[in-house]
Amino acid sequence: MEAAETDIKLKKPEEKGEVVVNIAHVAKSFGNKDVLKDINLQLKRGENVVVLGKSGQGKSVTIQCIVGMLTPDKGTVKVFGNDVAQMGEEQIKELRIKIGFLFQSGALYDSMTVRENMEFPLTRIKKMTDQAEIDKLVEEALDGVGLKDAIDKMPSDLSGGMRKRAGLARTLIMQPEIMLYDEPTTGLDPITSREISELILRMQEKYKTSSIIITHDMECARITADRIVIMNDGEYIAEGSYEELENSEDEFIRSFFNQTK
Amino acid sequence: MAEQAIPGYKKWLEAVGDQGVFFSSFFRNLFRGGFEWSEFVRQCYEIGYRSMMLVGITSFIMGLVLILQLRPSLLELGAESMLPRTLAVSFIREIGPVIIAIICAGKVASGIGAELGSMKVTEQIDAMEVSGANPLQYLVVTRVLATAFMVPLLTLIGDAIGLFGGFLALNFTDDISFSLYFTKCISSLEFMDLLPAVVKTIFFGFAIGFVGCYKGYNSNKGTESVGLAANSAVVTASLWIFVIDALAVQITSILFYR
Ligand SMILES: Nc1ncnc2c1ncn2[C@@H]1O[C@H](COP(=O)(O)OP(=O)(O)OP(=O)(O)O)[C@@H](O)[C@H]1O
Ligand SMILES: [Mg+2]
């Protein structure tokens, strides 16, 4: 909460390579448990950053700070140059529309069919009314994740992997500028995992989406990452490309990469 | 450690404060525009239609039993002809609204608590919020309004069925015609009996929906918290019903029976 922003209206970012998410010295604890200690990360436009780290290290907490679901105890999170902690309700809402968030579980609304799930953000947030246009977008989005046949099913009738893909489609349908993926491939078979990884890559190319991808899947990291950061004990302890980190001197860092071989 | 140091009354105050905040954000969203009509209608159906059977059966039995219970006492007093009147007044003023609200607390508040609780656990509420949509408007406003609308309706239906149950009971022993019975019931009722009874059921319904939503929406993220949310929704809503009822009696007597 240092350097109070006076101009907190969302700016329109255009330049290439500009920083869209800037996390500086963020700390967060729950009770007496210090989950995040000193997190620093800059996400540039059009970049895919993969976050690796053991379970329960606070990877999910970090990305929840970006969308304002959690407020850091110390440090600042700036998105498009604006401090998230300083935003009012309307600005947070505006911000969230530009950020896609894929939950670990997929988080489909289980009282609605897959189609209604897809329509929900279109009609509620984008306030679209043209049914033909909505149908087209929905079909496109589901086609993109290979779920066209499941369009009229209820979430309870889908497998875990299908639910996750549907959740992804529901997020991507809004064409967000920033995507936060919380374990997009966990629990999926290798083939579907690969498809998801490639989809992430396609999103990056097609819409210049910037993404933070939390994963334990090294194949996914290899395919999608422009840059990888490794998180341990509330801090990022290493940063680099896949090849750099794979051949790191540090045993702990290399240990993440050994699982594939 | 730190948690144990907090005295009980502070936690209680905190909970009251939380409910206050939830209440005010409910009202802000109520008047925000973009009312979710289709979800409201769906909730009315879920809440109203699905509780109808339960409310009907209970009211019927209550009416029947009340007549059977009242009969000996009134007979002793030689006031047997007062039976329909006694039943109508007690049922419509007090027994109907409270019993039906308690039933709805058991069925509807727990249902809403469990539904929103499990949406919380499975991150659906978070997902809605993070997508920029408004879960309070979609989930909470619709449910609270639907209960505030359906509980009075259910009560009216229950009242009618209860009186009918009373008629059947009376018909066993005394040969009273249906039309005479109902004339007696209705003529004994004044507008001032019906109006406060209906108004208070609106508040009962509101409390049921509000407590259910509050408990579910603010439940923790563990599977066991779904059960907890449902359970404490029923307990708290039932308590509220009696508190509101006590207040309603006071207010009604001040306003109408001075
Ligand atoms: N809202 C919260 N309230 C209290 N504690 C929380 C909250 N969110 C997360 N935590 C705690 O923070 C820690 C880190 O959680 P987080 O979900 O970020 O881990 P993670 O790195 O994403 O792990 P995984 O790979 O298993 O998903 C956990 O110990 C968790 O209990
Ligand atoms: Mg996580």
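Being a predicted model, the structure only gives us computed values, none of them experimental. (Residues numbered from 1 in each chain as written. Chains lettered and ligands numbered in written order. Predicted model: local features only at pLDDT ≥ 70, side-chain atom pairs only at ≥ 80, totals over all residues. Heavy atoms only, no water.)

### Topic: the coordination of the magnesium ion (ligand 2)
Octahedral metal centres with six donors ideally show angles of 90 or 180 degrees, and tetrahedral centres with four donors ideally show 109.5 degrees.
Consideration 1: Protein coordination of the magnesium ion (ligand 2) is provided by Ser60(A) (OG) and Gln104(A) (OE1), with donor distances spanning 1.9 to 2.7 Å. Residue Ser60(A) is located in helix H1 (residues 59–66), and its partner Gln104(A) is located in the loop between strand S6 (99–102) and helix H3 (114–124); the two are separated by 44 residues in the primary sequence. (Donors = N, O, S within 2.8 Å, 3.2 Å for Na, K, Ca; no water. Helix = DSSP H or I, 4+ residues; strand = E, 2+ residues; numbered from the N terminus.)

### Some details on a nonpolar patch on the surface
All names here are of chain B.
Consideration 1: Together, Phe191, Leu195, Val199, Ile202, Phe203, Leu239, Trp240, Val243, Leu247, Ile251, Leu255 and Phe256 make up an exposed nonpolar region whose accessible area comes to about 1,100 Å².
Consideration 2: Counting residues per element, the nonpolar patch draws most heavily on helix H9 (residues 224–256), which supplies seven residues.
Consideration 3: Among the secondary structure elements, Ile202 is positioned in helix H8 (residues 191–217).
Consideration 4: Given a relative accessible area of 37%, Ile202 falls into the partly exposed group. (Patch = residues over 30% accessible without salt bridge, like charges linked within 9 Å, V, L, I, M, F, W, Y side chains within 5 Å. Areas by Shrake-Rupley, 256 points an atom, 1.4 Å probe, with all protein chains shown as cover. Salt bridge = Lys/Arg side-chain N within 4 Å of Asp/Glu carboxyl O. Buried < 20%, exposed > 50% of the residue type's maximum accessible area, 1.4 Å probe, protein only.)

### Quick word on the interface of chain A and chain B
It is common to report an interface's size as the accessible area lost on association of the parts.
Consideration 1: Every contact between the two is made by 21 residues of chain A and, on the other side, 16 residues of chain B.
Consideration 2: Between chain A and chain B, roughly 1,700 Å² of surface is buried when both sides are summed, and carbon and sulfur atoms account for 53% of that area.
Consideration 3: Considering only the side of chain A, the residues that lose the most area to chain B are Arg96(A), Phe103(A) and Tyr109(A), jointly responsible for 28% of the buried surface there.
Consideration 4: Here chain A and chain B share three salt bridges between them.
Consideration 5: In this structure, Arg28(B) engages Glu89(A) in a salt bridge whose closest nitrogen and oxygen atoms are separated by 3.0 Å.
Consideration 6: At the surface where chain A touches chain B, the tally comes to five residue pairs in polar contact (both at pLDDT 80 or more). (Contact = heavy atoms within 4.5 Å. Buried area = accessible area lost by both parts, 1.4 Å probe. Polar contact = N/O pair within 3.5 Å; in protein donor to acceptor, adjacent residues only side chain to side chain.)

### A few points about helix H7 (residues 178–188) of chain B
Residues and elements named next belong to chain B.
Consideration 1: Among the residues of H7, Tyr181, Cys185 and Ser188 are the ones counted as buried. The arc enclosing the buried residues of H7, seen along the axis, measures out at 80 degrees, which places them on a common side. In H7, the exposed positions angled more than 90 degrees off the buried face are occupied by Ser179, Ile186 and Ser187.
Consideration 2: If you follow the buried residues of H7, they end up packed against helix H4 (83–121), helix H6 (135–173) and H8. (Arc of directions from axis to C-beta.)

### A word on the site of ligand 1
Residue and element names in this part refer to chain A.
Consideration 1: Not every one of the 13 residues close to ligand 1 is listed here, only the nearest: Lys33, Ser55, Gly56, Lys59 and Ser60.
Consideration 2: One of the backbone N or O atoms of Gly56 is found 2.7 Å from an oxygen atom in ligand 1.
Consideration 3: Between ligand 1 and Gly58 there is a distance of 3.0 Å, counted from an oxygen atom to a backbone nitrogen or oxygen.
Consideration 4: For ligand 1, whose free accessible area comes to 640 Å², the fraction covered by protein is 66%. (Near = heavy atom within 4 Å.)

### Overview of the pattern of salt bridges
Consideration 1: Scanning the entire structure with this criterion turns up 24 salt bridges over all chains.
Consideration 2: Between Arg42(B) and Glu39(B) there is a salt bridge, with the nearest N and O atoms lying 3.2 Å from each other. Here Arg42(B) pairs with Glu39(B), and both are found in helix H3 (residues 37–76), just three residues apart, close to one helical turn.
Consideration 3: With a relative accessible area of 29%, Arg42(B) lands in the partly exposed category.
Consideration 4: The partner of Glu39(B) in a salt bridge is Arg143(B), and the shortest N-O contact between them spans 3.3 Å. Of the two residues, Glu39(B) sits in helix H3 while Arg143(B) sits in helix H6, which places them 104 residues apart along the sequence. Accessibility classification places Glu39(B) together with Arg143(B) in one group, the buried group.
Consideration 5: Among the charged side chains, a salt-bridge network with shared partners connects Arg194(A), Glu198(A), Glu219(A) and Arg222(A).

### Points about the packing of aromatic side chains
Consideration 1: Tallying each qualifying case throughout the model produces 27 aromatic pairs over all chains.
Consideration 2: Ring plane angle 50 degrees and centroid distance 5.5 Å describe the contact between Phe22(B) and Tyr217(B), whose orientation is recorded as tilted. Separated by 195 residues along the polypeptide, Phe22(B) in helix H2 (residues 8–30) and Tyr217(B) in helix H8 bring together distant segments of the chain.
Consideration 3: For Tyr217(B), a relative accessible area of 9% corresponds to the buried category.
Consideration 4: Pairing Phe35(B) with Trp37(B) gives two aromatic rings, centres 4.8 Å apart and planes at 75 degrees, and the pair type is edge-to-face.
Consideration 5: Site record: aromatic cluster; members linked through ring pairs are Phe22(B), Phe23(B), Phe26(B), Phe27(B), Phe31(B), Phe206(B), Phe210(B), Tyr214(B) and Tyr217(B).
Consideration 6: Sitting over the ring of Tyr109(A), Arg170(A) keeps its end group 4.1 Å from the ring centre.
Consideration 7: Its guanidinium or amino end placed over the ring of Tyr217(B), Lys120(B) lies 5.7 Å from that ring's centre, counting from NZ or CZ. (Phe/Tyr/Trp six-rings, centres within 6.5 Å; stacked < 30°, edge-to-face > 60°. Lys NZ or Arg CZ within 6 Å of the ring centre and 35° of its normal.)

### Section: H1(A)
All names here are of chain A.
Consideration 1: Taking burial as the measure, the eight residues of H1 include seven buried ones, the bulk of the element.
Consideration 2: The set of residues buried in H1 consists of Lys59, Val61, Thr62, Ile63, Gln64, Cys65 and Ile66.
Consideration 3: Gly68 sits one or two positions beyond H1 and adopts a positive phi of about 75 degrees.

### Here's the deal with the environment of Val55(B)
Residue and element names in this part refer to chain B.
Consideration 1: Examined against the element boundaries, Val55 turns out to sit in helix H3.
Consideration 2: Relative accessible area serves as the criterion here: at 2%, Val55 is assigned to the buried category.
Consideration 3: Setting aside its immediate chain neighbours within four residues, Val55 contacts Ile100, Ile103, Leu154 and Gly158.

### Notes on the nonpolar core
Consideration 1: Among the nonpolar cores identified, the biggest contains 128 residues, and Ile66(A), Val79(A), Ile228(A), Phe257(A) and Val140(B) are the most heavily contacted of them.
Consideration 2: Filtering out sequence-adjacent residues up to four positions away, Phe257(A) remains in contact with Leu52(A), Met218(A), Ile228(A), Ile230(A), Tyr242(A), Leu245(A) and Glu246(A).
Consideration 3: Counting residues in each nonpolar core, the second largest holds 18 residues, with Leu83(B), Ile92(B), Ala169(B) and Ile176(B) among its members. (Core = buried A, V, L, I, M, F, W, Y, C linked by side-chain atoms within 4.5 Å.)

### Remarks on unusual backbone geometry
All names here are of chain A.
Consideration 1: A positive phi angle, near 45 degrees, is found at Gln175, a position not held by glycine.
Consideration 2: Although it is not a glycine, Asp233 adopts a positive phi angle of roughly 55 degrees.
Consideration 3: With respect to the helices and strands, the residue Asp233 is situated in the loop between strand S9 (227–232) and strand S10 (235–240).
Consideration 4: Residue Asp233 is classed as partly exposed on the basis of its relative accessible area, which comes to 48%.

Shape descriptors only; they carry no functional weight alone.
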